[in-house]
Amino acid sequence: MAEQERRQREAESTDEAAVEEVGAAPGATERGERLKGELDDLLDEIDEVLETNAEEFVKSYIQKGGE
Amino acid sequence: MPVPKTLGIETEYGIVHRGVSDPNPISASSLLINAYLSRQAEPGRGPGSPRVGWDFVDESPAVDLRGFTPLDAMAPEIETHLVNAVLTNGARYYVDHAHPELSTPECADALSIVLQDRAADHILIESMEAANAVLPDGQELVVYKNNSDGKGNSYGCHENYLMDRSTPFSRIVQHATTHFVTRQVFTGAGKVGCELPFRERDYMPFQLTQRADFFEEEVGLETTLKRPIINTRDEPHADPLRYRRLHVIVGDANLCEVATFLKVGTTALVLAMVEEDMIDPSLAVVDPVRAMQAVSWDLSLARPLELADGRTATAIEVQWELLKAARRYLDDRGPDMVGGSVAHEVVRRWEAVLTGLESDPGSLAGQVDWVTKRRVVEGVRDRHGLATSDLRLAAVDLQYHDLRPDRSLFARLGAEVLVDPADARLATRTPPSDTRAYFRGRCLARWPDRIVAANWDSMVFDVGDNALRRVPMMEPSRGTEEHVGTLLDTCETVEELLDRLSA
């Protein structure tokens, strides 16, 4: 109930902050989608270069001695 | 008295010899470095690195060897069984235990460190290419810039800071510890898994740093067992009456240039403030060993740490306090001891990274390694529906650090650069102009056949008739282009150089 009331007040409000908030929302979504799209492209590329036998690769990586 | 913060980074790289049944990391490291040195020595490749060995002789701390006055001949003791070379950029490139290690030349500011750290990576990449060109088909050397093998074995990326000898060591311990515990929020290179003894690997699916799992003590001399947050090694490689070198072993090797810049730049500022006693003594973290791990394990960045005066604060809040103090320091004392104008950029970026960590850590992808890596690890996990214990995620972690250009995940992530890549390539051969590395590097490039050995604080010249002359360089901020550039440009021979140095 409280949430509904708050939303309603925001919808009726004409103060600058509320207008800005409404205006910012599509931009933020756009940015989010752009980032997601970039990440998807990146993950495609990464899938191509990843070591094929991950288990063997990880298990055989042993570094003894140092410092 | 405060002293200019001469800086350096020593990186031990991980190495794998593929295609052999019984790989030996020591011989693999030797092969890697020797292949690079041989390639540089080929005719027509310009003033490459000569085969000058590292000089292990100890300087006598009782004798003040400041300046460039040549002493009488001394027979240097040169370690010959492991590769140990000095490069024309003033760096040292050698086999350390079972790793190839590269120590950057001395740098005067954090941006110069970024340039030399990037140059170091180029040298390792060129070394792989050179080695793989001579290895039989089916064999390959692969180098990783990380600090852990995921099985409880760690190797270091050590930082060095020149400090005033008269600063009380207890004060350094207190404030440096506070910084080392809390700076992890932007210095961490990220790690899939946990390497604490008696814990399952997936006890911690992802944490901020590679190294926090390996620290067990607050102060000590060790680097491989019972590692301390503050290392007490006392080898100033400079006038021991005036200087101390703080050897820092807690850090991760960073791929992101912004992270390297901040790691070294903020630490230089904190140490300068320690010299001037300008940090609030109450800003001390209780039980710093546990706090290091707590910070590294806290992806929310919100966990409060207990402070010595009873307050609590998150790592980010402690960092805000240190940043505020750094601003006061710069207003009051200016940037001369902390890298000149670069220090102002350190402070600007320091504020930006703390703001980003508080508001939207994801926005720091490309600047902070753990953020950059985490995005990919979680992206791969979600895309393929993997469990957090799936070894494919550990493989992504490892491959983030793979230095092969065609395999490196980091190289694909569009990280922000602070130095021109062409300048970084040039820096594989040319020394910084504003420290004694300039003298070392230029001499090596000009008279490789006449230099018998070199180390951080001296060089030994062959002056004929079986005589050697040692040139001490006990003052890290002397021997710069400004001091000796004209001298080196106008000397025709080593004899002339030595005569004019002692005049």
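Residues numbered from 1 in each chain as written. Chains lettered and ligands numbered in written order. Predicted model: local features only at pLDDT ≥ 70, side-chain atom pairs only at ≥ 80, totals over all residues.

A.B. asks: Could you give an account of the overall build of chain A, naming the residues involved and the relevant values?
C.D. replies: Secondary structure summary: chain A contains 3 helices and 0 strands in total. Shown N-terminal to C-terminal, the secondary structure of chain A runs as helices and strands in the order α-α-α. For chain A, with 67 residues in total, the buried portion stands at 9%. (Helix = DSSP H or I, 4+ residues; strand = E, 2+ residues; numbered from the N terminus. Buried ≥ 20, exposed ≤ 12 C-beta atoms within 10 Å, placed from the backbone.)

A.B. asks: How would you sum up the overall build of chain B? Please name residues and give values.
C.D. replies: The secondary structure content of chain B amounts to 14 helices and 18 strands. Its C-alpha radius of gyration of 23 Å places chain B within 12% of the 23 Å reference for a compact globule of 503 residues. Once the C-alpha set of chain B is aligned to its principal axes, its extents read approximately 70 × 60 × 40 Å. With 503 residues in all, chain B has 52% of them scored as buried. Of the contacts made within chain B by residues no fewer than 6 positions apart, 71% connect residues no fewer than 24 positions apart. (Rg over C-alpha atoms; globule rule 2.2 N^0.38 Å. Contact = placed C-beta atoms within 7 Å.)

A.B. asks: Quick one: what's the story with the interface of chain B and chain A, residue by residue and with numbers?
C.D. replies: Listed per partner, the contact involves 30 residues of chain B and 19 residues of chain A. Those elements that provide at least two residues to the side of chain B that touches chain A are strand S2 (14-18), helix H9 (369-384) and helix H10 (391-400) of chain B. If you tally residues by element for the side of chain B that touches chain A, the top one is H10 of chain B, at 7 residues. Partitioning the side of chain B that touches chain A into residue classes produces 11 nonpolar, 10 polar and 9 charged. (Nonpolar A, V, L, I, M, F, W, Y, C, P; charged D, E, K, R; others polar.)

A.B. asks: Summarise helix H3 (residues 169-182) of chain B; cite the residues concerned and give the values.
C.D. replies: Along an α-helix, residues three or four apart share an orientation, since each turn contains 3.6 residues. In this model H3 of chain B runs 20 Å from its N-terminal to its C-terminal C-alpha over 14 residues, within 8% of the 20 Å that 1.5 Å per residue would give. Buried within H3 of chain B are the following residues: Ile172, His175, Ala176, Thr177, Thr178, His179, Phe180, Val181 and Thr182 of chain B. (Expected span 1.5 Å × (residues − 1).)

A.B. asks: Talk me through the confidence of the model for chain A; I want residue IDs and the actual numbers.
C.D. replies: When the pLDDT values of chain A are averaged, the result is 69; 57% of them are 70 or greater. The lowest-confidence element of chain A is helix H1 (residues 2-12) of chain A, averaging 43 in pLDDT; the highest-confidence one is helix H3 (residues 54-60) of chain A, averaging 93. (pLDDT = per-residue confidence, 0-100.)

A.B. asks: Now, about the pairing of strand S17 (residues 458-462) of chain B: what can you tell me, with residues and values included?
C.D. replies: Remember that side chains alternate between the two faces of the sheet whenever the strand is regular. All names here are of chain B. Taking burial as the measure, the 5 residues of S17 include 4 buried ones, the bulk of the element. Taken together, the 4 bridges between strand S16 (residues 451-455) and S17 define a ladder with antiparallel strand orientation. By the bridge assignment for S17, Ala453 is matched with Val460. Adjacent in sequence and paired antiparallel, S16 and S17 are bridged by 2 residues. (Pairing = 2+ DSSP bridges.)

A.B. asks: Please provide a residue-by-residue account of the packing of helix H2 (residues 110-134) of chain B against helix H5 (residues 257-275) of chain B, values included.
C.D. replies: Residue and element names in this part refer to chain B. As a packed pair, H2 and H5 sit with axes 9 Å apart at the nearest point and diverge in direction by 140°. Relative to H5, H2 is oriented oblique. Considering only the axes of H2 and H5, their crossing is right-handed. On H5, the residues that touch Ala110, Leu111, Ile113, Val114, Asp117 and Arg118 of H2 are Glu257, Thr260, Phe261, Val264, Gly265 and Ala268. Taken together, the residues of the contact of H2 with H5 sort by class into 7 nonpolar, 2 polar and 3 charged. (Axes fitted to C-alpha atoms, helices over the stretch in contact; angles between N-to-C directions. Parallel < 35°, antiparallel > 145°, perpendicular 65-115°, else oblique. Left-handed = near helix turned anticlockwise from the far one by under 90°.)

A.B. asks: Give a description of unusual backbone geometry that names residues and reports values.
C.D. replies: All names here are of chain B. Positioned with a positive phi, Asp287 is a non-glycine residue whose angle comes to about 50°. Within the secondary structure layout, Asp287 lies in the loop between H5 and helix H6 (288-297). The exposed category is assigned to Asp287, around which 12 C-beta atoms lie within 10 Å. For Leu301, which is not a glycine, the phi torsion comes out positive at approximately 60°. Relative to the helices and strands, Leu301 is located in the loop between H6 and strand S14 (305-306). Since 14 C-beta atoms lie within 10 Å of it, Leu301 is described here as partly exposed.

A.B. asks: Which residues make up the environment of Ile9 of chain B, and what are the values?
C.D. replies: Residue and element names in this part refer to chain B. As for its position among the elements, Ile9 is in strand S1 (residues 7-12). For Ile9, a count of 24 C-beta atoms within 10 Å corresponds to the buried category. Placed 186 residues apart in sequence, Ile9 and Glu195 show a C-alpha to C-alpha distance of 25 Å. Apart from the residues lying within four places of it in its own chain, the contact partners of Ile9 are Thr104, Ile113, Asp117, Cys157 and Glu159.

A.B. asks: Just give me the short version of the nonpolar core, but keep the residues and values in it.
C.D. replies: Core analysis: the biggest nonpolar cluster contains 138 residues, and Leu32, Ala85, Ala268, Leu269 and Leu271 of chain B have the highest contact counts within it. In contact with Leu32 of chain B, not counting residues within four places along its chain, are Ile15, Pro100, Ser127, Met128, Ala131 and Leu141 of chain B. (Core = buried A, V, L, I, M, F, W, Y, C linked by C-beta atoms within 7 Å.)

A.B. asks: Report on the pairing of S16 of chain B, specifying residues and quantitative values.
C.D. replies: All names here are of chain B. By the criterion of burial, S16 is predominantly enclosed, with 4 of the 5 residues buried. Two elements, strand S3 (residues 53-54) and S16, share 2 bridges in a ladder whose sense is parallel. Bridge pairing in S16 places Trp54 opposite Ala454.

A.B. asks: Describe in detail helix H7 (residues 315-333) of chain B, supporting the description with residues and values.
C.D. replies: Residues and elements named next belong to chain B. In this model H7 runs 26 Å from its N-terminal to its C-terminal C-alpha over 19 residues, within 8% of the 27 Å that 1.5 Å per residue would give. Regarding H7, the residues found buried are Ala315, Val318, Gln319, Leu322, Ala326 and Tyr329. Along the long axis of H7, the arc covered by the buried residues comes to 95°, so they all point the same way. Away from the buried face of H7 by more than 90 degrees, exposed residues Lys324, Asp331 and Asp332 are located. (Arc of directions from axis to C-beta.)

A.B. asks: Tell me about the packing of H3 of chain B against H7 of chain B, residues and numbers included.
C.D. replies: Residues and elements named next belong to chain B. Here H3 crosses H7 at 130°, and the two axes come no closer than 9 Å. With respect to each other, H3 and H7 are oriented oblique. Between H3 and H7 lies a crossing whose hand is left-handed. Side by side, H3 and H7 meet where Thr178, His179 and Thr182 of the first sit next to Ala315, Val318, Gln319 and Leu322 of the second. For the contact of H3 with H7, a count of residues per class yields 3 nonpolar, 4 polar and no charged.

A.B. asks: Which residues make up the environment of Asp397 of chain B, and what values do they have?
C.D. replies: Structurally, Asp397 of chain B can be placed in helix H10. Excluding its chain neighbours within four sequence positions, the residues that come into contact with Asp397 of chain B are Lys191, Val192, Lys373 and Val377 of chain B.

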